[in-house]
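# An overview of the molecular structure
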Amino acid sequence: MTQTQKILVTGATGTVGRQVVAELVSRGHTVRALTRDASKAAFPAGVEVVQGDLTDPGSLIPALDGVTGLHLITFGAHFAPLETGPRIMELARAAGVRRVTVLHGGGSSPLEDAVRADDGVDWTVLMPVEFMANALEWAGGIAASGEVREPFVSRLSAMVHEGDIGSVAAVALTEEGHGGREYVLTGPALLTVGDKVATIAAARGREIALVELTEEEAVAQWRAAGHPEGVIGFLLEAYGNTPEVGRTVIDTVEKVTGHPARTFTRWAAEHVDAFTAQPLAS
């Protein structure tokens, strides 16, 4: 039985952060959840919600008191890269933090560089591929018109359940043997867009039409949705020329946690309500 530890989770209200919190709680650990606005946070009973901002390292000092593990993200408000990594790590060491996980943001970042350069803690870099939760972007179109409109529908993805990212983080934050490691995290299978759509359709018990867009149509759709040009360029590259790491299944989740990576079928069942049309208001 792993000894109960106190862990500080930053980015705690995010897609992955909430999973890290939930997994640590399920394992019996004490969790502090850091958020910029504590009034808007909603966590399981027993989670201590604290207010702080990674762009202001001094605000973390009370939150770091007594913690042994720290989960970090690499960006602040509006996804701006954090430049405060060296100071955060200095404060973490001073507080007695022994283990740090950092969620890789898709490329080199100042905060991740600071974590990697710190030899005073056992750090682990979590490098997930596409999140299964990205499929929630289709929820509005599916609920409204029963269709998904996407380019590059034959692209392959080894997408990972965000709960598995949380599970790996929890292990690395509370157990020995994960210091200095980079963990690429994937799901158990390669999926096309059609595979994903068919899985969601099966979960909701109703067919979903898949409409393949040209690149030009996709760009127009993304612009209409308000995506910045930089994000649109990233999506075109990621979807049109998916890197090998994003389309290669790796068994890291099972090796680290002892359980197989969760399937997209399971994810779809867990989120089926998001894809179910709501009755029209009278």
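Residues numbered from 1 in each chain as written. Predicted model: local features only at pLDDT ≥ 70, side-chain atom pairs only at ≥ 80, totals over all residues. Heavy atoms only, no water.

The next subject is helix α8 (residues 215–224). If you check which residues of α8 are buried, you get Ala218, Val219 and Trp222. One side of α8 carries all its buried residues, which in axial view fall inside an arc of 100°. Seen from the open side of α8, the exposed residues pointing more than 90 degrees away from its buried face are Glu216 and Ala224. Summarising the contacts, the buried residues of α8 are in contact with α9 (229–240). Looking at the residues trailing α8, positive phi occurs at glycine 226, about 90°. (Buried < 20%, exposed > 50% of the residue type's maximum accessible area, 1.4 Å probe, protein only. Helix = DSSP H or I, 4+ residues; strand = E, 2+ residues; numbered from the N terminus. Arc of directions from axis to C-beta. Contact = heavy atoms within 4.5 Å.)

Attention now moves to the pairing of strand β6 (residues 122–128). Within β6, six of the seven residues are buried, which leaves the element mostly enclosed by the surrounding structure. Pairing geometry for strand β5 (residues 99–103) and β6, over five bridges, is parallel. Within the sheet, the bridge partner assigned to threonine 101 lies in β6 and is threonine 124. In terms of handedness, the path from β5 via helix α4 (residues 110–117) over to β6 forms a crossover that is right-handed. Pairing geometry for β6 and strand β8 (residues 181–185), over five bridges, is parallel. Among the inter-strand pairings, valine 125 is bridged to a residue of β8, identified as glutamate 182. (Pairing = 2+ DSSP bridges. Right-handed = clockwise from strand over helix to strand, strands pointing away.)

As a further point, take the pattern of salt bridges. Scanning the entire structure with this criterion turns up 15 salt bridges. As a salt-bridge pair, glutamate 112 and arginine 116 come within 2.9 Å of each other at their nearest N and O atoms. Taken together, the positions of glutamate 112 and arginine 116, both in helix α4 and four residues apart, correspond to about one turn of that helix. Using a relative accessible area of 3% as the deciding quantity, one classes glutamate 112 as buried. On the basis of relative accessible area, arginine 116 is assigned to the partly exposed category, the value being 27%. Through salt bridges with shared partners, one network takes in Glu23, Arg27 and Glu175. (Salt bridge = Lys/Arg side-chain N within 4 Å of Asp/Glu carboxyl O.)

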